[in-house]
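# Chains, contacts and geometry: an overview
Single-letter residue listing:
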Amino acid sequence: MGGAHEPLHPHKQMKTSSSSSKGGNHGYFVPRPVCAWLVCGFVALALLHVLCCTPPGTQEAVLSPLLQYVDDTYNFVSSGPESCNYTEGRWVYAPGHARRYNGTECHVKDSHNCIRNGRPDTGYLDWRWQPAGCRLPSFSARAFLSAVRGKHVAFVGDSMSRNQAQSLVCLLVGAGVPHRVVYRDADPHKFNLWRYAFPAHDVTVSFYWAPFIARATGKALNDSLPQNMNHVHLDALDDRWAADADGMDVVVLSIAHWPLNGAIYYNGSARIGHHGHQELSPEEDIGYAWPMKVKYRMALDRLMTSSGGSGGSGGGSRARAPRTVVIATFSPGHFEGNTLTTLCPRKEPYKEGEKEPRHLDMELVGLVYDEVESARARNGGGGEAGGGGARVEVLDVTKLAVMRPDGHPGLYMHRDPFAHGGPQPWMSSDCVHFCLPGPVDTFNEILQQILRTKR
Ligand SMILES: *[C@@H]1O[C@H](CO)[C@@H](O)[C@H](O)[C@H]1NC(C)=O
Ligand SMILES: *[C@@H]1O[C@H](CO)[C@@H](O)[C@H](O)[C@H]1NC(C)=O
Ligand SMILES: *[C@@H]1O[C@H](CO)[C@@H](O)[C@H](O)[C@H]1NC(C)=O
Ligand SMILES: *[C@@H]1O[C@H](CO)[C@@H](O)[C@H](O)[C@H]1NC(C)=O
């Protein structure tokens, strides 16, 4: 399995420094015209080399990163991220694009560490998201950290939220940014509450397990209970993250899978309904949508009423920018076959037009846009922070996630699942989360653009 994680090659590093210079540091930058001529010269020579000296089969492999570099440079010179909508697009072949870190070195959950677990195919790491009308720049640790200097970036939500939070930490750690673990769950197999610090930029990144955002007991706290056995309070936020809310500058919320699985809902001590409980009266089934709206509204109202955080690792007394709240849309799973090995067996993304989001997926996306719109309206209109309020944005990842049936651990959520003559009956197959590294890194490429863009 060696070689699956490659260090950045020189070409990549070049690209990183060009795209990250947007973050503000122009100190040692070559003047733009000189730079452009250098790029042209480099590209011409490289093209010549590719066209005359390599066998036809490898031409695409060589050309793709080259075009990516040219494209990144062009994007840097021509248009800002302001003009871009990253929602619609397609996955294009880009060898090595997602080979940016070693999951073991940034402590990803074992079940998402596909390479360590022996997944033999690594082609799922060779794709990048190409939005319909623009270019999505690669993740740049420097650009990201500049955009959130002095801030506490908190992820609040379910296991997809954790998947994205771990991806962000890995993208930063994998780029060699000095870091320390501020705290981590006492149980090394749990990843429900943790915080990393990146002291050079006074940035902290944390995750808060809260699969309903709201206060919940049952399965949410005790994994051995049945899937629908959740007791959720629609009048209170989950206590753990809400206690720290004032100290959060960027909050990325992500829930969706758990409300679909089922729960019993309360207002104070009164039961107000349920979803997914056959043993309870069908008239009391209030579905998943309305409770989700209530939860988003409660969270957004909480996060819009106080501004600024206590900051990164130090926390200072200087005035703070208004908080940014980002809601990530649903990232659906891919379940196809009905045996362990055929549940999510694909090795490549879907091609354009091959797969559309389901009605349910789009309903959940619409719900997020609706709540964000109404929060902005309550907040004083537009997307502009009003009266010390927060900026609220949608991180719309549904389409790009739908197109990546190949990015899940599947059986490789277990270490070497075929080691003893084939998968064992007790094993399961994860077709919901993404391998790390993997397609979820793209969520953070888009988050980076959201945070770098001023509204
Ligand atoms: C990832 O890092 C671990 C620990 O440093 C190392 O043992 C492993 O070989 C690395 N994996 C790859 C694919 O480089
Ligand atoms: C981006 O495109 C999607 C899909 O076409 C659309 O629903 C959404 O409103 C657009 N977002 C913005 C900010 O224009
Ligand atoms: C979790 O639920 C199981 C099954 O009901 C129960 O036996 C166990 O005591 C619970 N664990 C905790 C920590 O509450
Ligand atoms: C909970 O009850 C209070 C008081 O009756 C009411 O104002 C509120 O709207 C209820 N909340 C929900 C989510 O039903």
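For the structure, check the block above.
Described below are features of the structure shown in this document. (Residues numbered from 1 in each chain as written. Chains lettered and ligands numbered in written order. Predicted model: local features only at pLDDT ≥ 70, side-chain atom pairs only at ≥ 80, totals over all residues. Heavy atoms only, no water.)

On the basis of which strands lie adjacent, the open sheet formed by seven strands has the order β4-β5-β6-β3-β9-β12-β13 and mixed pairing. Because the sheet does not close on itself, it has two edges, and the strands there are β4 (180-183) and β13 (391-395). Each strand of the sheet is rotated relative to its neighbour by a mean of 20°, with strand direction disregarded. Taken together, the five bridges between strand β3 (residues 152-157) and strand β9 (residues 250-254) define a ladder with parallel strand orientation. Bridged to Phe155 within β9 is Val252. Along the sheet, helix α8 (residues 289-305) contacts β9, β12 (324-328) and β13; its crossing angle with β12, the most-contacted strand, is approximately 165°. (Pairing = 2+ DSSP bridges. Helix = DSSP H or I, 4+ residues; strand = E, 2+ residues; numbered from the N terminus. Axes fitted to C-alpha atoms, helices over the stretch in contact; angles between N-to-C directions. Contact = heavy atoms within 4.5 Å.)

This paragraph deals with the site of ligand 3. In the region of ligand 3, the neighbouring residues are Asn222, Ser224 and Leu225. Within the side chain of Asn222, one N or O atom sits 2.3 Å away from an oxygen atom of ligand 3. In this structure, an oxygen atom belonging to ligand 3 sits 3.4 Å away from a side-chain N or O atom of Ser224. Relative to its free-state accessible area of 360 Å², ligand 3 is covered by the protein chains to the extent of 25%. (Near = heavy atom within 4 Å. Polar contact = N/O pair within 3.5 Å; in protein donor to acceptor, adjacent residues only side chain to side chain. Areas by Shrake-Rupley, 256 points an atom, 1.4 Å probe, with all protein chains shown as cover.)

To continue, consider the pattern of salt bridges. On inspection of all chains with the given rule, the structure shows 22 salt bridges. Taking the shortest distance from any N to any O, the salt bridge between Glu371 and Lys293 comes out at 3.4 Å. One end of the pair, Glu371, is in helix α9 (residues 359-378); the other, Lys293, is in helix α8, and 78 residues separate them in sequence. The salt bridge partner of Arg404 is Asp406, with a shortest N-O separation of 2.9 Å. (Salt bridge = Lys/Arg side-chain N within 4 Å of Asp/Glu carboxyl O.)

The next thing to look at is the packing of aromatic side chains. Under the criterion given, the structure shown has nine aromatic pairs. Their ring planes at 70° and their centres at 5.6 Å tell us that Tyr93 and Trp127 sit as a pair that is edge-to-face. Remark: Trp127 occurs in strand β2 (residues 127-131) and Tyr93 occurs in strand β1 (residues 89-93); sequence separation between them is 34 residues. Exposure remark for Tyr93: the relative accessible area of 33% places this residue in the partly exposed category. Assessed through its relative accessible area of 15%, Trp127 is described here as buried. Ring geometry for Trp209 against Trp258: centres 5.4 Å apart, planes inclined by 80°, an arrangement best described as edge-to-face. (Phe/Tyr/Trp six-rings, centres within 6.5 Å; stacked < 30°, edge-to-face > 60°. Buried < 20%, exposed > 50% of the residue type's maximum accessible area, 1.4 Å probe, protein only.)

What follows deals with the nonpolar core. In this structure, Phe155, Leu172, Phe198, Val205, Trp241 and Leu253 are the most contacted members of the largest nonpolar core, which totals 97 residues. Tallying contributions element by element places α8 first for this core, with nine residues. Among all residues touching Leu253, those that are not within four sequence positions of it are Val156, Ile213, Ala299, Leu303, Val325, Val326, Ile327 and Ala328. Counting residues in hydrophobic clusters, the runner-up holds six residues, among them Ala98, Cys114, Ile115 and Cys435. (Core = buried A, V, L, I, M, F, W, Y, C linked by side-chain atoms within 4.5 Å.)

Another point: the pairing of strand β11 (residues 270-275). Pairing between strand β10 (residues 263-267) and β11: five bridges, direction antiparallel. Bridge pairing in β11 places Tyr265 opposite Gly273. Here β10 hands over to β11 after two residues, with Gly268 in that stretch at a positive phi of 65°.

Around ligand 2 lies a shell formed by Asn85, Thr87, Glu88 and Tyr369. A distance of 2.4 Å is found between an oxygen atom of ligand 2 and a side-chain nitrogen or oxygen belonging to Asn85. Isolated, ligand 2 exposes 360 Å² of accessible area, and the fraction of that covered by the protein chains is 36%. Partitioning the shell around ligand 2 into residue classes produces one nonpolar, two polar and one charged. (Nonpolar A, V, L, I, M, F, W, Y, C, P; charged D, E, K, R; others polar.)

Scanning the entire structure with this criterion turns up six cavities of 30 Å³ or more. In this model, the largest cavity occupies a volume close to 70 Å³. Taken together, Cys106, His107, Gln166, Val169, Arg184, Phe191, Trp194 and Tyr196 make up the full set of residues lining the largest cavity. Counting residues per element, the ones that place at least two in the lining of the largest cavity are α5 (159-174) and β5 (193-198). (1 Å grid on protein atoms, 1.4 Å probe; cavity = no way out; pocket = protein on both sides within 12 Å on 5 of 7 lines; lining within 4 Å. Points joined across faces, edges and corners; volume = space filled by probe spheres on them.)

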